[in-house]
Amino acid sequence: MSILQSVKDKLGKPYEDLEFLLEALKEVLIENGEEEMANQIPWINDVPEFDEQKFTLKHIQLYSIVFQLVNTVEVNGAVQNRRQKESEQLDSVKGLWANGFDKLKQQDIPQEEIVKRLSDIRVEPVLTAHPTEAKRGTVLEHHRDLYVSMVMKENSMYTENELKNIRQNIKFSLYRLWKTGEIFIEKPDIDSELRNVMHYMTNVFPEVIPVVDRRMLQAWEDKGYDLEPVLKQGAFPRIRFGNWVGGDRDGHPLVTADVTANALRTMRLNAFVVVRRSLIKLIKNISFALELDDAYDPMKMRVNQLVADLGDKGLDALLRNKGEAFRQFLNLMLTKLPLDTKRGHATRIVEFKGSYVYKTELVKDLKLLKEALLHYGAKTIAYYDVNDAIRIVSTFGFHLAALDIRQNSDFHDNAITQLMIAAGISGDEYINWDSKQRSEFLNKELESSRPFTHGNMEIGPNAKAVTEVFKVVEKHVSQYGVDGIGSFIVSMTRSVEDLLGVYLLARETGLTKKTDDGSICVIPVVPLLETIEDLQAGPDILRAFLSHPFTQRSLKYHKEQKREKYLVQQVMVGYSDSNKDGGILASQWNLYKAQSELQKVGEEFGVKIRFFHGKGGSISRGAGPTHYFVSALPHSTVSGDMRLTEQGETIEQKYANKINAAYNLELLAASTASKSITSQFTEKVGHPLADILDELARESKEVYSALLNEPGFIPYFRESTPIDAIENSKIGSRPSRRKGMNSLDDLRAIPWVFSWSQSRYNMTSWYGLGTTLLNFRERNPEGFAKIKEATKSDPFIRYVLTNVDTSLAATDVEIMKQYASLVTDKAIKEKFLGLFSSELDKTRQALDLLLEKGIEERRVQHYYSNYLRASMMKRLHFKQVALLKKWRDEKFAGDTEGAEKTLIHLLTT
């Protein structure tokens, strides 16, 4: 029996679809004269034994497409499975609205209490440019087209001839993929990364938000609740978006002030494109006959005011659609947008007297339109069509997404030093001062509003870089308000002085201002706690920050400006560096404890802590199903608010097609709502196994750290993984190191994780756990039994161990050994390969003991999907090992031209 046949027998239709696609690919290759490659397609051909010399770039591209087809059919299969479940029982899919409302109903939480809290829920995915794959935008588009055709193929309404045409379109898409290159030959610039983000912000998210809202209403009604209060109050969770492309400058010298200014301009223009599209749709839908003289009086008054404000433009808008008062009102709103349009498309922002400046002005007009329609009697249109438009404007505003400005604390320290030197103060001393000296200096300086420098004074490069971008922010805020700016995020926050220093830099650029209470910072300052040590110190850092008068005044100002109900302090927690620092369990448990303690600090000061989760796409960087992730967070820490990064390949995986995008956005909103509302009606208690988890986290960190500190580890890491190729890759604009130093500490967590996953070790998501669990079982069998029991019900333990289980399934000893063959020192190779193999065996043994069933039984879908892929992945890895050796030899021999060609070949594998 073939591998594909055995997987089809176990998992069914998705893999029948895969066979269909592979046969279609084979046909189209033969039709275009490429029969030799057609016969190399795995799983439907008898593929010859692997020969590294004959395994060419074409084979690699073929395999890349085939693996993408596996992804396509699995996503489609998951969609069909969810539909089937929901058709039988709407609340059967975990994490979605119906499932969440069912849980709240089971807890006897009254309908009115849920309604009251729904509009307080806020979710904010933040798109970043941390790439872990090299797919071009064009390739992504071809994959989207293919997916749409596959969905059409499922539709029973099509005739036999129409299905033949759909199959032909699928073949066209497959051939386009075959003839399109898969990687960036040149390193992508920030503009191309920004364009990629703009695609999701303008073409995907605006389309799926109404879908998520409709599903919420459907789920609400399914639970027997009354729709009227939700529709009347517009009680939908707030969905916002953030962006790091063009603002994240931590170790990224290419993100200049001009880049940030361009990002803000681009987002503002695209926000108006989204808003304009929404208004045009509304104009088409509200084709009601109504003379303006007969319209709702407040609307009539507003129409007259807009005509007066807009002059001739207003008269032209009013004359369109005479006898259709609602359309006339909307025409005026459309005219009031500060846009220049050519051939029906918005091309540039043109602000003029009478144009909208702030989104609140447009939202107010739309709410008036809603009132007028209710007065007219068109309740359905008011509650649905107009609500959709209000929703789009409220979500995207005139800024599209909030741009965060992130920089490293060391960079800020150097900037302050250089400003002090320019001002004739002993700046050289600042960099060496202890915490007390810095605190005294900063406190004294913050009492004054005078800057260090003025005019065209010469300042150092760090100071110049920081102040220039802060000036861009100040200009934007002074023109358009704070909506387009997220916060100033301080990565590697080690002390409260790292945060207070940003206030000083803000003062330098006009981003502080006097209020009746004293000086404040216009933009929120946010700590980013990344390492385990910083997470442990986080509560003390936050306590010192929140107790500072400058912070207290600033939080009060932000609350008033953003019309928040509470004082809010955002705190970002990092998943990647804490994992790189101490391994999977130590990272996850210290993140859990830190969030719980930070939330308590917020309570002390009457401040709501808005956690910003710096998650990534891999297990060791915080990945995993969204609803499991949210459920595993400590009690009270979600607090109606979920901000998290969407990094690298997760953006494409979650949001490339709109069906999946709606599902993932719903998961985020519904899980956040369910967790938050439940927390408000249940008692807050600590984790019942906290003492055991403390012990396990501490010991696993010791085992993990011992590996990193073992003599010879760095040479083994650099030779047995493709880290050097990743550092030379074309997959992103960001350098792989923060400061350019050749050290493990300076290496970013993303290439660290990526290099281990590329060589199929995946050690960052399991190393240290096996030894720890087996030792614990031996000395404390009762405690081990408690952990085993908790795997069935405890959200945190289940989440962590499920993720480890997923990672173990993708770890391959045979491939590990192939990469280890690249290590030149035999003793180092044998020592570390032995350590990895031993720990892997122990981890698998420990999970089998805890989860009782073997992975083939407990994770059927995951096991057989990996089983299918692994049968062909080995070929790619063996080729990559051969190319890696060749590239390194060419570099050593000084063959620059040969090494460059080999690197391009290597980066496709």
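Scroll up to find the structure this text is about.
Quantities reported herein were computed from a predicted structural model and do not represent experimental measurements. (Residues numbered from 1 in each chain as written. Predicted model: local features only at pLDDT ≥ 70, side-chain atom pairs only at ≥ 80, totals over all residues. Heavy atoms only, no water.)

Structural notes on the overall build of the chain
This is how the line gets drawn: A run of H or I in DSSP becomes a helix once it reaches four residues, and a run of E becomes a strand once it reaches two; helices and strands are each numbered from the N terminus. For this measure, only C-alpha atoms enter the radius of gyration; the expected value for a globule follows 2.2 Å times N^0.38, where N is the number of residues. For this analysis, residues touch if any pair of their heavy atoms sits within 4.5 Å. Areas reported here follow the Shrake-Rupley algorithm with a probe of radius 1.4 Å; residue values treat only the protein chains shown as occluding. Positive residues here are Lys and Arg, negative ones are Asp and Glu, while His and the chain termini are left out of the count. Charge positions are represented by NZ for Lys, CZ for Arg, CG for Asp and CD for Glu.
Along its length, the chain carries 40 helices and 13 strands. Relative to the 2.2 N^0.38 estimate, which gives 29 Å for 909 residues, the radius of gyration of the chain is 29 Å and therefore close to what a compact globule would have. Along the three orthogonal principal directions, the C-alpha set of the chain runs to about 85 × 80 × 60 Å. Contacts in the chain between residues at least 24 apart in sequence constitute 80% of all its contacts with a sequence separation of at least 6. Surface exposure of the chain reaches about 37400 Å², of which carbon and sulfur atoms provide 49%. In the chain, 121 side chains carry a positive charge and 125 a negative one; their mean positions are 3 Å apart.

Re helix α19 (residues 435-446)
We apply this condition: A helix is expected to span 1.5 Å for every residue after the first. Burial status follows relative accessibility: with a 1.4 Å probe on protein chains alone, a residue under 20% of its type maximum counts as buried, one over 50% as exposed, and anything between as partly exposed. N or O atoms closer than or at 3.5 Å make up a polar contact, with two conditions inside protein: a donor-capable atom paired with an acceptor-capable one, and, for residues adjacent in sequence, both atoms drawn from side chains.
Compared with an ideal rise of 1.5 Å per residue, which puts 12 residues at 16 Å, α19 spans 16 Å between its outermost C-alpha atoms and is within 8% of the ideal. Turning to α19, its buried residues are R438, S439, F441, L442, E445 and L446. Contacts from the buried residues of α19 go to α17 (409-422), α18 (427-430), α21 (496-508) and α23 (549-561). The N-cap residue of α19 is D434: its side-chain oxygen and the backbone nitrogen of K436 are 3.2 Å apart.

A few points about a positive patch on the surface
Counted only if it meets this: Like charges are joined within 9 Å and nonpolar side chains (Val, Leu, Ile, Met, Phe, Trp, Tyr) within 5 Å, but only among residues with over 30% relative accessible area and no salt bridge; these make up the patches. The term salt bridge refers to a side-chain nitrogen of Lys or Arg lying within 4 Å of a carboxyl oxygen of Asp or Glu.
Together, K85, K94, K103 and R798 give the surface a local cluster of positive charge. Structurally, R798 is set in helix α35 (residues 795-809).

With respect to the nonpolar core
Soluble globular proteins tend to pack their nonpolar side chains together in the buried interior. As a reminder, the rule being used: Take the buried Ala, Val, Leu, Ile, Met, Phe, Trp, Tyr and Cys residues and link them wherever side-chain atoms come within 4.5 Å; each set so joined is a nonpolar core.
Core analysis: the largest hydrophobic core is formed by 186 residues, its most contacted members being W97, F205, F713, W752, Y761, M763 and F836. The element contributing the most residues to this core is helix α9 (residues 190-222), with 15 residues. For F205, the residues in contact, after removing those within four places along its chain, are L127, Y200, F241, F396 and Y655.

What about the packing of helix α2 (residues 13-31) against helix α8 (residues 160-179)?
Definition in use: All axes are obtained by fitting lines to C-alpha atoms, using only the stretch in contact for helices, and the reported angles, taken between N-to-C directions, cover 0 to 180 degrees. We call two directions roughly parallel when the angle between them is under 35 degrees, roughly antiparallel when it is over 145, roughly perpendicular when it lies between 65 and 115, and oblique otherwise. For any pair of crossing helices, the crossing counts as left-handed if the nearer helix is rotated counterclockwise from the farther one by less than a right angle, and right-handed if it is rotated clockwise. Residues are sorted three ways: Asp, Glu, Lys and Arg are charged, Ala, Val, Leu, Ile, Met, Phe, Trp, Tyr, Cys and Pro are nonpolar, and all the rest, Gly among them, are polar.
At a closest axis distance of 9 Å, the pairing of α2 and α8 adopts a crossing angle of 70°. The angle between α2 and α8 places the two elements in the roughly perpendicular class. Between α2 and α8 lies a crossing of right-handed hand. Where α2 abuts α8, its residues F20, L21, E23, A24, L25, E27, V28, L29 and E31 lie against R167, I170, K171, L174, Y175 and W178. When grouped by side-chain class, the residues that make up the contact of α2 with α8 number 10 nonpolar, no polar and five charged.

Description of the pattern of salt bridges
Applying the stated criterion to the full structure yields 60 salt bridges. Notably, a salt bridge pairs E564 with R610, separated by 3.5 Å at the nearest N-O pair. Of the two residues, E564 is situated in the loop between α23 and β11 (567-574) and R610 in strand β12 (residues 607-614); the sequence distance between them amounts to 46 residues. Across the pair, exposure class does not vary: E564 and R610 are buried alike. What you see here is one network of salt bridges that share partners, running through R122, E124, D404, E564, K608, R610, D641 and R643.

Points about the environment of A749
Along the chain, A749 falls in helix α32 (residues 749-758). In the structure, A749 is positioned 170 residues away from N579 in sequence and 8.3 Å away in space, judged by C-alpha atoms. In this structure A749 touches S576, D577 and K580, once residues within four positions along its chain are discounted.

Things to note about the side chain of T260
Topologically, T260 is positioned in helix α11 (residues 257-285). Note on T260: relative accessible area 0%, which makes it buried. Polar side-chain contacts of T260 include one of 2.7 Å to the backbone oxygen of G246. If near-sequence neighbours (up to four positions away) are discounted, T260 is found in contact with G246, G247, R249, V255, L403, I405, V469 and V472.

Observations regarding the pairing of strand β13 (residues 641-646)
Basically, it comes down to this: When DSSP locates at least two bridges between a pair of strands, those strands are taken to pair.
Of all six residues in β13, six are buried, a share of seventy percent or more. Burial of β13 is two-sided: the residues D641, R643 and T645 facing one way and the residues M642, L644 and E646 facing the other way are all buried. Across six bridges, the pairing between strand β1 (residues 122-127) and β13 is parallel. Looking at the pairing, E124 lines up with R643 of β13. Pairing of β12 with β13, which is carried by two bridges, proceeds in the parallel orientation.

Looking at the packing of aromatic side chains
Inclusion rule: The rule is short: rings of Phe, Tyr and Trp, with Trp giving its six-membered ring, pair when the centres are within 6.5 Å, and they are stacked under 30 degrees, edge-to-face over 60, tilted in between.
The full count for this structure, using the stated rule, is 43 aromatic pairs. Between W589 and Y592, the aromatic rings sit 5.1 Å apart at their centres with planes inclined by 15°, giving stacked as the arrangement. Here W589 pairs with Y592, and both are found in helix α25 (residues 584-604), just three residues apart, close to one helical turn. A relative accessible area of 2% places W589 in the buried class. The exposure class of Y592 is buried, given its relative accessible area of 14%. Summarising the aromatic geometry, the rings of F717 and W752 are spaced 5.0 Å apart at their centres and angled 55° between planes, so their arrangement reads as tilted. Of this pair, F717 sits in helix α30 (residues 713-720) while W752 sits in helix α32, and the two are 35 residues apart along the sequence.

Structural notes on α32
In terms of burial, α32 is a largely internal element, nine of the 10 residues being buried. By the burial criterion, the buried members of α32 are A749, I750, P751, W752, V753, F754, S755, W756 and S757. Residues of α32 that are buried make contact with α24 (576-582), α29 (690-709), α30, α31 (723-727) and α37 (826-851). Immediately downstream of α32, the backbone of R760 shows phi near 65°, a positive value.

Regarding unusual backbone geometry
Residues other than glycine seldom take positive phi values, yet S639 does so here, at roughly 50°. Looking at the element boundaries, S639 is found in the loop between α26 (626-631) and β13. Relative accessible area serves as the criterion here: at 31%, S639 is assigned to the partly exposed category. At E852, a position not held by glycine, the phi torsion is positive, near 70°.

Here's the deal with the environment of F50
Position of F50 among the secondary structure elements: in the loop between α3 (35-38) and α4 (57-88). With 439 residues separating them along the chain, F50 and I489 place their C-alpha atoms 49 Å apart. If sequence neighbours within four positions are ignored, F50 has contacts with F55, R875, F878 and K879.

Focus: the packing of α25 against α35
For the pair α25 and α35, the least separation of the axes is 11 Å and the interaxial angle reads 150°. Relative to α35, the element α25 is oriented roughly antiparallel. Considering only the axes of α25 and α35, their crossing is right-handed. Two secondary-structure elements touch here, α25 through I584, L585, Q588, W589 and Y592 and α35 through F796, Y799, V800 and V804. Of the residues belonging to the contact of α25 with α35, the class tally is eight nonpolar, one polar and no charged.

Side note on the environment of T493
One can find T493 in the loop between β7 (485-491) and α21. Each C-alpha atom, one on T493 and one on L535, is 9.5 Å from the other, the two residues being 42 residues apart in sequence. With sequence-adjacent residues up to four places away left out, T493 is seen in contact with D498, L499, P527, L528, L529, D534 and I541.

Digging into the side chain of E646
Relative to the assigned elements, E646 resides in strand β13. Taking relative accessible area as the criterion, E646 reaches 3% and is therefore assigned buried. Those residues in contact with E646, other than ones at most four positions away along the chain, are P125, V126, L127, T128, I651, K654 and Y655.

Honestly, it's all geometry; don't read function into it.
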